[in-house]
Amino acid sequence: MTTAATSAERRTEIKGIICDILEIEPSDMTGTSRFKEDHEADSMGAIEILSTLERTYGIDLDQSVLPRLVHLDAVVDVVDQAVAAK
């Protein structure tokens, strides 16, 4: 079971991963700022985010979840579900 501290730490780590890949400052990203529209991410960035999250958390994420990975809150939700199911 995920504790609040673990979830908060994971969220911070995920945000860092995404900001590194999209080459943006963490202060420029909110939970709901959209990667494509607000941060000019492309599909290759989304795939890189997906594969980095898989390696970081030892999870398998099907490419069918890519359309859900539109902002930080959604990514955290997808990763939390995958980690819980592991």
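Please refer to the structure placed before this passage.
Estimates place the volume of the largest pocket at around 250 Å³. Residue lining of the largest pocket: 13 residues in total, with Phe-35, Lys-36, Ala-46, Leu-69 and Val-70 positioned closest to the centre. Mapped by element, the contributors of at least two residues to the lining of the largest pocket are helix H2 (35-39) and helix H3 (43-57). No other element matches the four residues that H3 contributes to the lining of the largest pocket. Tallied by class, residues from the lining of the largest pocket come to nine nonpolar, one polar and three charged.

Now for the nonpolar core. Ranked by internal contacts, the top residues of the largest apolar core, which has 25 residues, are Ile-14, Ile-18, Leu-22, Leu-53, Leu-61 and Val-75. When residues of this core are traced back to their parent elements, those giving at least two are helix H1 (4-22), H3 and helix H4 (72-85). Apart from residues no more than four positions distant in its own chain, Val-75 is found in contact with Ile-14, Ile-18, Phe-35, Leu-53 and Leu-69.

Right, let's get into the pattern of salt bridges. Should their charged atoms come close, side chains of opposite charge can pair. Evaluation of the coordinates by the stated rule reveals four salt bridges. With its nearest N and O atoms 2.5 Å apart, the salt bridge here joins Asp-80 to Arg-10. In this pair, Asp-80 is assigned in helix H4 and Arg-10 in helix H1, connecting sequence segments 70 residues apart. Considered together, Asp-80 and Arg-10 belong to a single accessibility category, that of buried residues.

What counts and what doesn't
- Residues numbered from 1 in each chain as written.
- Predicted model: local features only at pLDDT ≥ 70, side-chain atom pairs only at ≥ 80, totals over all residues.
- Heavy atoms only, no water.
- 1 Å grid on protein atoms, 1.4 Å probe; cavity = no way out; pocket = protein on both sides within 12 Å on 5 of 7 lines; lining within 4 Å.
- Points joined across faces, edges and corners; volume = space filled by probe spheres on them.
- Helix = DSSP H or I, 4+ residues; strand = E, 2+ residues; numbered from the N terminus.
- Nonpolar A, V, L, I, M, F, W, Y, C, P; charged D, E, K, R; others polar.
- Core = buried A, V, L, I, M, F, W, Y, C linked by side-chain atoms within 4.5 Å.
- Buried < 20%, exposed > 50% of the residue type's maximum accessible area, 1.4 Å probe, protein only.
- Contact = heavy atoms within 4.5 Å.
- Salt bridge = Lys/Arg side-chain N within 4 Å of Asp/Glu carboxyl O.

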